[in-house]
Amino acid sequence: MLNRLANTIVVLDFETTGLSPATGDRAIEIGAVRLQNGVVVDSFQQLMNPGQRVNSFIEQYTGISNEMLADAPSCEQVMNDFADYIGDDNLLAHNASFDKKFLDAELQRVGRSYSGQFACSLLVSRRVYQDAPNHRLGTLVKYKDIASDGDFHRALFDSQMTAKLWLEILSDIETKYQIEQVDFNLIKKLSSLSKAKVDGYLRSIS
DNA sequence: TGCCAGGCCCTCTTTAGGGCCTT
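Residues numbered from 1 in each chain as written. Chains lettered and ligands numbered in written order. Predicted model: local features only at pLDDT ≥ 70, side-chain atom pairs only at ≥ 80, totals over all residues. Heavy atoms only, no water.

A. Seen up close, unusual backbone geometry. The backbone of Asn37 shows a phi angle near 55 degrees, a positive value even though the residue is not glycine. Relative to the elements of secondary structure, Asn37 occurs in the loop between strand 2 (27–36) and strand 3 (39–47). With a phi close to 50 degrees, Gln178 is a non-glycine residue in the positive phi region. In this structure Gln178 comes out as exposed when scored by relative accessible area, which is 69%. (Helix = DSSP H or I, 4+ residues; strand = E, 2+ residues; numbered from the N terminus. Buried < 20%, exposed > 50% of the residue type's maximum accessible area, 1.4 Å probe, protein only.)

B. Fine view of the side chain of Asp158. Structurally, the position occupied by Asp158 is in helix 7 (residues 155–177). The charged side chain of Asp158 is buried without a salt bridge, its nearest counter-charge being Arg154 at 8.7 Å. Apart from the residues lying within four places of it in its own chain, the contact partners of Asp158 are Asp13, Glu15, Leu137, Asp151, Phe152 and His153. (Lys, Arg positive; Asp, Glu negative; His and termini not counted. Salt bridge = Lys/Arg side-chain N within 4 Å of Asp/Glu carboxyl O. Contact = heavy atoms within 4.5 Å.)

C. Layout of the nonpolar core. Counting residues in each nonpolar core, the largest one holds 32 residues, and the members touching the most others are Trp166, Ile173, Ile187, Leu190 and Leu202. For this core, the secondary structure elements donating two or more residues are strand 1 (9–16), strand 2, helix 6 (137–143), helix 7, helix 8 (184–191) and helix 9 (195–205). Listed in part, the 26 residues of the second largest apolar core include Phe44, Met79, Ala96 and Leu107. (Core = buried A, V, L, I, M, F, W, Y, C linked by side-chain atoms within 4.5 Å.)

D. Geometry of the packing of aromatic side chains. What the rule picks out here adds up to eight aromatic pairs. Centre to centre, the rings of Phe82 and Tyr85 are 5.9 Å apart; their planes meet at 20 degrees, and the pair counts as stacked. Here Tyr85 and Phe82 lie together in helix 3 (residues 75–86), a separation of three residues that amounts to about one turn. Neither residue differs from the other here; Phe82 and Tyr85 are each classed as buried. Here a set of aromatic residues connected by ring pairs shows up, and it is made of Phe44, Phe82 and Tyr85. (Phe/Tyr/Trp six-rings, centres within 6.5 Å; stacked < 30°, edge-to-face > 60°.)

E. Main features of the pattern of salt bridges. Enumeration over the complete set of coordinates arrives at nine salt bridges. Arg154 is the partner of Glu29 in a salt bridge, and the nearest nitrogen-oxygen pair spans 2.7 Å. Of this pair, Glu29 sits in strand 2 while Arg154 sits in the loop between helix 6 and helix 7; the two residues are 125 residues apart in sequence, bridging distant segments of the chain. In this structure, the salt-bridge partner of Asp199 is Arg203, at a minimum N-O distance of 2.8 Å. On the criterion of helical spacing, the pair formed by Asp199 and Arg203 is a turn pair, its members being four residues apart in helix 9. Judged by relative accessible area, Asp199 falls into the partly exposed class, the value being 29%. Members of the salt-bridge network, linked through shared partners, are Arg26, Glu76 and Glu106.

F. Geometry of the packing of helix 5 (residues 121–128) against helix 7. The contact between helix 5 and helix 7 brings their axes to 11 Å, and the two run at 35 degrees. The handedness of the crossing between helix 5 and helix 7 is left-handed. Across the interface between the two elements, Ser121, Val124, Ser125 and Val128 from helix 5 touch Thr162, Leu165, Ile169 and Ile173 from helix 7. Its residues assigned to classes, the contact of helix 5 with helix 7 comprises five nonpolar, three polar and no charged. (Axes fitted to C-alpha atoms, helices over the stretch in contact; angles between N-to-C directions. Left-handed = near helix turned anticlockwise from the far one by under 90°. Nonpolar A, V, L, I, M, F, W, Y, C, P; charged D, E, K, R; others polar.)

G. Inspection of the pairing of strand 4 (residues 90–93) at higher detail. What you see with strand 4 is no split at all: Asn90 and Leu92 on one side and Leu91 and Ala93 on the other are buried throughout. Both strand 1 and strand 4 contribute to a ladder of three bridges, which runs parallel. Counted as the bridge partner of Ile9 is Asn90 from strand 4. (Pairing = 2+ DSSP bridges.)

H. Broad picture of the layout of surface pockets. Its boundaries defined by the atoms lining it, the largest pocket holds a volume of some 640 Å³. Lining the largest pocket are 22 residues; nearest its centre among them are Asp13, Tyr61, Phe98, His153 and Asp158. Estimated volume of the second largest pocket: approximately 230 Å³. Surrounding the second largest pocket, 14 residues form its lining, Arg127, Val128, Tyr129, Lys176 and Tyr177 being those nearest its centre. Residue assignment for the lining of the second largest pocket shows that the elements contributing at least two residues are helix 5, helix 7 and helix 9. When its residues are assigned to classes, the lining of the second largest pocket shows seven nonpolar, one polar and six charged. (1 Å grid on protein atoms, 1.4 Å probe; cavity = no way out; pocket = protein on both sides within 12 Å on 5 of 7 lines; lining within 4 Å. Points joined across faces, edges and corners; volume = space filled by probe spheres on them.)

Structure representation (structure tokens):
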């Protein structure tokens, strides 16, 4: 892996009681890995008790049961620890708008915040892998032939897979366009371009 | 009873609608 991946980034994934904190949904698990120089240097995983029962769909979808959550620490306790973990690092998630709204909502409850910027592997993959069958995390992992031995829809595993996908995206851009430095800022730039303009832009800077 | 997410992105578009993605 070349020196171009020097940026540190925290890749995170939430499991939640539903789709929106605005309608009362809460986080039930957070998983994250920290990438430095393209290598996972540490990780964070914690179930958290949302103070409400999760429905059967969520139990089945995530494999996280009400029984498992009963003895888990509170969201407030876990999110305080997680705020310490992420520090000032930039952040990445697959469909980041979803994880960002839960991160913001849960941190607001404990009076914490963060200074890093979010990148989204879903938005980038739609631009870089335009021939993929779809852009779900599991599909992209298969599409890129990324080794995966674990349970999708658990927070740590999904964050690990997102991290591997992220490195694959960086590597593929570097190889295809012979770009020496694919960093967080370039990815943010790509995410602001339409799909049709990404190829031309990358050729223009290679 | 009826409500029930929201940002992105494409197109049969922009005075809009609907699929994709996340749980």
